[in-house]
Amino acid sequence: MNLNEIAEYIVSDGKGILAADESNPTCGKRFDTINVENTEDNRRDYREMLFRSKGMKDNIGGVILFDETLRQNAIDGTPLRKIIEDQGALPGIKVDKGLTPLKEGSDEVVTQGLDGLHERCADYDALFNAKFTKWRAVIKIGDGIPTDECIEANAKALADYAWVAQTNNMVPIVEPEVLMDGDHTITECFDACARSFSALFNALQKREVDNSGLLLKPSMITPGSLCSQKATIQEVADLTIKCLKENVPSEVPGITFLSGGQSELEATAHLNAMNKEKDLPWKLSFSYGRALQQSALRAWGGLQENLFIAQDELSHRANMNKLAALGEWSEELEER
Ligand code: 13P
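Residues numbered from 1 in each chain as written. Predicted model: local features only at pLDDT ≥ 70, side-chain atom pairs only at ≥ 80, totals over all residues. Heavy atoms only, no water.

A. Geometry of the site of the ligand. Near the ligand you find 13 residues, and of these Lys134, Lys217, Ser259, Gly260 and Arg290 are the closest. Take glycine 289: an N or O atom from its main chain is 2.8 Å from an oxygen atom of the ligand. A distance of 2.7 Å separates an oxygen atom of the ligand from a polar side-chain atom of arginine 290. Burial of the ligand by the protein amounts to 90% of the accessible area it has alone, namely 300 Å². Applying the majority rule of atoms within 2 Å of the grid points places the ligand in the largest pocket. Only strand E6 (132-139) and strand E10 (283-288) provide two or more residues apiece to the shell around the ligand. Per-class residue counts for the shell around the ligand are three nonpolar, four polar and six charged. (Near = heavy atom within 4 Å. Polar contact = N/O pair within 3.5 Å; in protein donor to acceptor, adjacent residues only side chain to side chain. Areas by Shrake-Rupley, 256 points an atom, 1.4 Å probe, with all protein chains shown as cover. 1 Å grid on protein atoms, 1.4 Å probe; cavity = no way out; pocket = protein on both sides within 12 Å on 5 of 7 lines; lining within 4 Å. Sits in = over half its atoms within 2 Å of the grid points. Helix = DSSP H or I, 4+ residues; strand = E, 2+ residues; numbered from the N terminus. Nonpolar A, V, L, I, M, F, W, Y, C, P; charged D, E, K, R; others polar.)

In structure tokens form, the structure reads like this:
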């Protein structure tokens, strides 16, 4: 498959991405909520449970993994990435190395991980058959931020990364996440996202990255989580589409949203509302972490005896989000 075919496959027929690439410390935070110890074996058992869920098939086109998971085998010796492939999904890998302050004393951050990236990508391609990669940039909204300096630095790193990934035959997912944290308005979110998307596609063009062989993973346009003025589902959908239409080239095959702290239902409802609009140049789908896993994690609780109920939860969310990516979801379908 060439880059465009990989990207198109991941978002074909309403399929989306399961983001299961939590770093070990982030996985620890999720496990704390269910009182499960954050060990290598528990992380494996949890992910094996997810990847063997029936609802992976036909609903999930790609799974983003953390380095440890790409190398892990299930209890019966099957590589976890093989279980993913057998479900008809492509394995992908998070390749950034997390966040560092933009400069001393700054609240803003830039993503690191370009050192040695070429060699790591070559290994992921050759040894593990990874088909795509992810790099997450974080943009914060607050007093006088985001600054142009922060937006430019992150756009440049994303473009440098995307170029290296494509050179190694892997689709880059470029993720400029504008955080929901704070009391900012939906208009402030729109502005920060518009500036971030515009800087990103300028940087990608300068680096001669092929837009038809990448996926964009943005946040939706929402008010901050502490903002007193809530937005309706339709407002979020309309403003998100407006911002994307103004800033994202039509050659990009797919836009796979992150959930960023939205509830499972909100994330599904927003995606569905956007896909009610039929005249869009790109596929709009999902690349959710928490909004796909929350109910499954809670149902699992670290106990083997809960395996099937937990898998049923993941299958259900995967299916609901596929319907949302086709604009065919409604709240009644949530009843089981
Ligand atoms: P959330 O959907 O939980 O925001 O996670 C997606 C992700 O991969 C963040 O980088």
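So, next bit.
B. Layout of unusual backbone geometry. Proline 146 follows isoleucine 145 through a cis peptide bond whose omega is 10°. You can see proline 146 is positioned in the loop between E6 and helix H7 (148-167). With a phi close to 55°, asparagine 35 is a non-glycine residue in the positive phi region. Of note, asparagine 35 is situated in the loop between helix H2 (24-32) and helix H3 (40-51). Taking the relative accessible area as the measure of exposure, asparagine 35 reaches 73% and is therefore exposed. (Buried < 20%, exposed > 50% of the residue type's maximum accessible area, 1.4 Å probe, protein only.)

C. Up close: the nonpolar core. Of all hydrophobic cores here, the largest spans 97 residues; its most connected members are Phe51, Val63 and Leu284. Among the elements that take part in this core, helix H8 (residues 186-206) stands out by supplying twelve residues, more than any other. Once residues within four sequence positions are removed from consideration, leucine 284 is found in contact with Ile241, Leu244, Ile255, Phe257, Leu271, Met274, Asn275 and Ala325. (Core = buried A, V, L, I, M, F, W, Y, C linked by side-chain atoms within 4.5 Å. Contact = heavy atoms within 4.5 Å.)

D. Representation of empty space enclosed by the protein in the model. What the rule picks out here adds up to two cavities of 30 Å³ or more. Together, Glu177, Val178, Met180, Ser219, Met220, Thr222, Leu258, Ser259, Gly260 and Gln262 line the largest cavity. A class-by-class count of the residues in the lining of the largest cavity yields four nonpolar, five polar and one charged. By volume, the second largest cavity amounts to about 40 Å³. (Points joined across faces, edges and corners; volume = space filled by probe spheres on them.)

E. Spotlight on the packing of aromatic side chains. This structure, assessed with the given rule, holds five aromatic pairs. Within the aromatic cluster, the residues linked to one another by ring pairs are Phe31, Tyr46 and Trp300. If you follow lysine 15 out to its NZ or CZ, it ends over the ring of tyrosine 9, 4.8 Å from the centre. Over the aromatic face of tryptophan 163 sits the side chain of arginine 207, whose NZ or CZ is 4.6 Å from the ring centroid. (Phe/Tyr/Trp six-rings, centres within 6.5 Å; stacked < 30°, edge-to-face > 60°. Lys NZ or Arg CZ within 6 Å of the ring centre and 35° of its normal.)

F. Region of interest: the pattern of salt bridges. In total, this model carries 22 salt bridges according to the counting rule given. A salt bridge links aspartate 148 to arginine 195; its shortest N-O distance comes to 2.9 Å. Residue aspartate 148 is found in helix H7, and its partner arginine 195 is found in helix H8; the two are separated by 47 residues along the sequence. Aspartate 148 gets classed as exposed once you look at its relative accessible area, which sits at 55%. Using a relative accessible area of 32% as the deciding quantity, one classes arginine 195 as partly exposed. (Salt bridge = Lys/Arg side-chain N within 4 Å of Asp/Glu carboxyl O.)

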